[in-house]
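Architecture and fold: a report
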Number of protein chains: 2
Amino acid sequence: MCEANAYLIEGSETQLIMESVDTVEPDENGISLVSIFGEQKFLKARIRSMALVDHKIYLEKLE
Amino acid sequence: MCEANAYLIEGSETQLIMESVDTVEPDENGISLVSIFGEQKFLKARIRSMALVDHKIYLEKLE
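Predicted model only: the values in this text are computed from it and were never measured.

Residue and element names in this part refer to chain A. One ladder, built from 4 bridges, connects strand β3 (residues 30-35) with strand β4 (residues 40-43); its direction is antiparallel. In the strand pairing of β4, Leu-33 is matched with Lys-41. Hairpin geometry of β3 and β4 is characterised by an intervening segment of 4 residues between the two adjacent antiparallel strands and by a positive phi of about 90° at Gly-38.

Here we come to the side chain of Ser20(B). Residue and element names in this part refer to chain B. Mapped onto the elements of the fold, Ser-20 is located in strand β2 (residues 13-27). We classify Ser-20 as buried; its relative accessible area is 12%. Ignoring sequence-local partners within four residues, the contact set of Ser-20 consists of Glu-3, Ala-4, Asn-5, Ser-35, Ile-36 and Phe-37.

Okay, the interface of chain B and chain A next. Listed per partner, the contact involves 20 residues of chain B and 20 residues of chain A. Counting the surface lost from both chain B and chain A, the interface buries some 1600 Å², and carbon and sulfur atoms represent 68% of this. If you sort the residues of chain B by the area they bury against chain A, Cys2(B), Met50(B) and Leu52(B) come out on top, with a joint share of 41%. At the surface where chain B touches chain A, the tally comes to 0 salt bridges. Our count for the chain B to chain A interface comes out at 6 residue pairs in polar contact (both at pLDDT 80 or more). Per element, the largest residue contribution to the side of chain B that touches chain A is 6 residues, and it comes from β2(B). Across the side of chain B that touches chain A, the residue classes tally to 13 nonpolar, 3 polar and 4 charged. With 2 bridges connecting them, strand β2 (residues 13-27) of chain A and strand β5 (residues 45-51) of chain B associate as antiparallel partners. Across the sheet, the residue bridging to Val24(A) is Met50(B), located in β5(B).

Turning our attention to the relation of the copies chain B and chain A. The operation relating chain B to chain A is a screw motion whose rotation component is 180°, with 0.0 Å of axial translation and a residual RMSD of 0.0 Å. What the rotation and shift describe, once combined, is the action of a two-fold rotation axis. Minimal C-alpha separation from the rotation axis in chain B is found for Cys2(B), amounting to 2.5 Å. A symmetric contact is evident, with 100% of the interface residues of chain B recurring at the interface of chain A.

Here the focus is the pattern of salt bridges. In total, this model carries 10 salt bridges over all chains according to the counting rule given. With a closest N to O distance of 4.0 Å, Glu39(B) and Lys41(B) form a salt bridge. Exposure remark for Lys41(B): the relative accessible area of 31% places this residue in the partly exposed category. Several salt bridges converge on common partners, so that one network encompasses Arg46(A), Arg48(A), Glu60(A) and Glu63(A).

Turning to the environment of Gly11(B), a few remarks are in order. With respect to the element layout, Gly11(B) can be found in the loop between β1 (4-10) and β2. The spacing of Gly11(B) and Val24(B) is 13 residues in sequence and 23 Å in space, taken between C-alpha atoms.

The next thing to look at is the state of the cysteines. Per the stated rule, a full pass over the model turns up 1 disulfide over all chains. Two residues share a disulfide in this structure: Cys2(A) and Cys2(B), whose sulfurs sit 2.2 Å from each other. Between Cys2(A) and Cys2(B) the disulfide shows an S-S torsion of about -70°. By sign, it is left-handed. Of this pair, Cys2(A) sits in the segment before β1 (4-10) while Cys2(B) sits in the segment before β1, placing the two residues on different chains. Of the two residues, Cys2(A) and Cys2(B), both sit in the buried class.

The rules behind the values
Residues numbered from 1 in each chain as written. Chains lettered and ligands numbered in written order. Predicted model: local features only at pLDDT ≥ 70, side-chain atom pairs only at ≥ 80, totals over all residues. Heavy atoms only, no water. Pairing = 2+ DSSP bridges. Helix = DSSP H or I, 4+ residues; strand = E, 2+ residues; numbered from the N terminus. Buried < 20%, exposed > 50% of the residue type's maximum accessible area, 1.4 Å probe, protein only. Contact = heavy atoms within 4.5 Å. Buried area = accessible area lost by both parts, 1.4 Å probe. Salt bridge = Lys/Arg side-chain N within 4 Å of Asp/Glu carboxyl O. Polar contact = N/O pair within 3.5 Å; in protein donor to acceptor, adjacent residues only side chain to side chain. Nonpolar A, V, L, I, M, F, W, Y, C, P; charged D, E, K, R; others polar. Least-squares fit on C-alpha atoms with pLDDT ≥ 70 in both. Disulfide = S-S within 2.5 Å.

Structure below.
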């Protein structure tokens, strides 16, 4: 399975926000994440970068 | 391997832009894609949605 883990970067801190993310939908207010288990989260954040082979999505807060 | 294919959606058209994308880095001007083969592309586009388990990244053009 090719889900990824989503991390929120704040300054020098990196916090795991959600494991096993399947779908990601950004909009102007933030980003929706849904895991393979059906867990849903909306964050006031945007994608900073993704490394799919490493299963990692890095988010940063929207100001 | 958990790379994904990137597609550009324009109206009712969906065009394959890059296969086997590993890293994705959005910025305010567009989005950088790098494949597992080292191919690089920069597009004036943003992420509309991603379905990682299906290995799909959907992009749409920035106005």
